[in-house]
Amino acid sequence: MNKKRPFLMALATFGAIFIVFFILILVFAHLTGRPTPFPSGDRIGVIQVVGPIISSDKINRDLIRFREDPSIKAIILRVDSPGGGVGPSQEIHDEVAKTVKEKPVVVSMASVAASGGYYIAAPASSIVANPGSLTGSIGVIMEFTNIEDLLDKVGLRTNVIKSGPHKDIGSPVRPMEESDRAILQNIIQDVHNQFIDAVAEGRGMERDVAAQLADGRIYTGKQAFDLGLVDRLGNLQAAVDVAAELSDVEGEPQLVYPEKEKPRLIEFLIQETMGQLRQEIFPGLQYRWNGP
């Protein structure tokens, strides 16, 4: 019997340490909003989209992580963005649409959720905006700068060797031909039509109605609500209430935020290199959703 006591004491000590450690993890998770290895209770994930949309990687990883977590009953996409790149916005849009099929996704618009910011919101289960939020701006824009006159003043000349007449389309060192303009206008119109289709499908609108709203103008949250672009007026807490209602969460849900990822040097270098290559291959050619 005496021989068993040290073992029982060690087991009890280990159990007490484990319980204290477990409680500390839960307290830390509750205070910081971070997920824990021991999910408990009903939780709502909050993903923030702040600033220009230049990459979809982090946001989509967070969407997938929350979508696959059974303890996350709904997701809030907190958008404070004037828009950004077409490709990243479309990728986030598609991931939101996929997530909606498995659990509610509620968009909470902060100061600005326009252009690409509205594009990623369109397929959500519900959209909540402040009355003064700026949204809409459903459109696409390309911008080119011509510096021929400046180069003439300083005596610089550019020699271009190209495989076809449109390889240097949008070049800042030559006039834009009408054929160039027609090609670029067709691209803009095609992407704009994709935007209109996304809004019509996501909002359950007739395409003609969505097209009438898609002339690039911005709307306040209240105007967007009156036009059917937004479902409810309110702040982040209102979005939490909507998410809880859609996911049948009773009581006050725990809000969980994704863990912050440390920036990795190699990813930064790759992005910078790819950006430089795009400029070398398509000089002057950039297009984005038209933000305010």
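Enquirer: Please set out the overall build of the protein chain residue by residue, giving values where relevant.
Expert: Of regular secondary structure, the protein chain possesses ten helices and ten strands. Taking all 292 residues of the protein chain together, the buried fraction comes to 39%. Residue pairs in contact within the protein chain that sit at least 24 positions apart in sequence constitute 75% of those at least 6 positions apart. With an accessible surface of roughly 17100 Å², the protein chain has 58% of that area assigned to carbon and sulfur atoms.

Enquirer: Tell me what's going on with the confidence of the model for the protein chain, and back it up with residues and numbers.
Expert: This prediction gives the protein chain a mean pLDDT of 85; 75% of its residues lie at or above 70. Note that pLDDT drops below 50 for residues 35–39; the model gives that stretch 13 contacts with residues more than four away or on any other chain. Considering only residues more than four positions removed or in separate chains, one finds that residues 277–286, a stretch of pLDDT under 50, has 17 contacts.

Enquirer: For the side chain of aspartate 62, give the residues involved together with the corresponding values.
Expert: Relative to the helices and strands, aspartate 62 is located in helix α2 (residues 57–68). Here the side chain of aspartate 62 touches lysine 58 through a polar contact of 2.5 Å, side chain to side chain. For aspartate 62, the residues in contact, after removing those within four places along its chain, are Ile47 and Pro258.

Enquirer: Let's hear about the pattern of salt bridges: which residues, and what values?
Expert: According to the stated counting rule, one finds 13 salt bridges in the structure shown. Across the pair aspartate 69 and arginine 43 runs a salt bridge whose closest N-O atoms are separated by 3.1 Å. Taken together, the positions of aspartate 69 in the loop between α2 and β2 (72–81) and arginine 43 in strand β1 (residues 43–50) put the pair 26 residues apart, joining distant regions of the chain. Look at aspartate 69 and you get buried, because its relative accessible area is 17%. Residue classification places arginine 43 among the buried residues on the basis of a relative accessible area of 2%. Across the pair arginine 203 and aspartate 231 runs a salt bridge, and its minimum N-O distance is 2.9 Å.

Enquirer: I'd love a proper account of the nonpolar core, names of residues and values included.
Expert: Leu77, Val107, Met109, Tyr118, Ile127 and Leu229 are the most contacted members of the largest nonpolar core, which has 39 residues in total. Take this core: its biggest share by element is five residues, from helix α6 (residues 178–203). With sequence-adjacent residues up to four places away left out, isoleucine 127 is seen in contact with Val107, Met109, Tyr118, Ala121, Ala122, Arg203, Leu229, Val230, Asp231 and Arg232.

Enquirer: Which residues make up the pairing of β2, and what values go with them?
Expert: Summarising burial for β2: seven of the ten residues are buried, a large majority. Where β1 lies against β2, eight bridges are found, and the strand directions are parallel. Counted as the bridge partner of valine 49 is valine 79 from β2. Here six bridges tie β2 to strand β3 (residues 105–114), and the two strands are oriented parallel to one another. Across the sheet, arginine 78 pairs through a bridge with serine 108, a residue of β3. Once you follow β2 into helix α3 (residues 86–100) and on to β3, the crossover reads as right-handed.

Enquirer: Tell me about α6, and please be specific about residues and values.
Expert: Counted at 1.5 Å a residue, the expected span for α6 with its 26 residues is 38 Å, and the 37 Å between its end C-alpha atoms agrees. Considered for burial, the residues of α6 that qualify are Asp180, Leu184, Ile188, Val191, His192, Phe195, Ile196, Ala198, Val199, Ala200 and Arg203. The first or second residue beyond α6 is glycine 204, which carries a positive phi of 65°.

The rules behind the values
Residues numbered from 1 in each chain as written. Predicted model: local features only at pLDDT ≥ 70, side-chain atom pairs only at ≥ 80, totals over all residues. Heavy atoms only, no water. Helix = DSSP H or I, 4+ residues; strand = E, 2+ residues; numbered from the N terminus. Buried < 20%, exposed > 50% of the residue type's maximum accessible area, 1.4 Å probe, protein only. Contact = heavy atoms within 4.5 Å. Areas by Shrake-Rupley, 256 points an atom, 1.4 Å probe, with all protein chains shown as cover. pLDDT = per-residue confidence, 0-100. Polar contact = N/O pair within 3.5 Å; in protein donor to acceptor, adjacent residues only side chain to side chain. Salt bridge = Lys/Arg side-chain N within 4 Å of Asp/Glu carboxyl O. Core = buried A, V, L, I, M, F, W, Y, C linked by side-chain atoms within 4.5 Å. Pairing = 2+ DSSP bridges. Right-handed = clockwise from strand over helix to strand, strands pointing away. Expected span 1.5 Å × (residues − 1).

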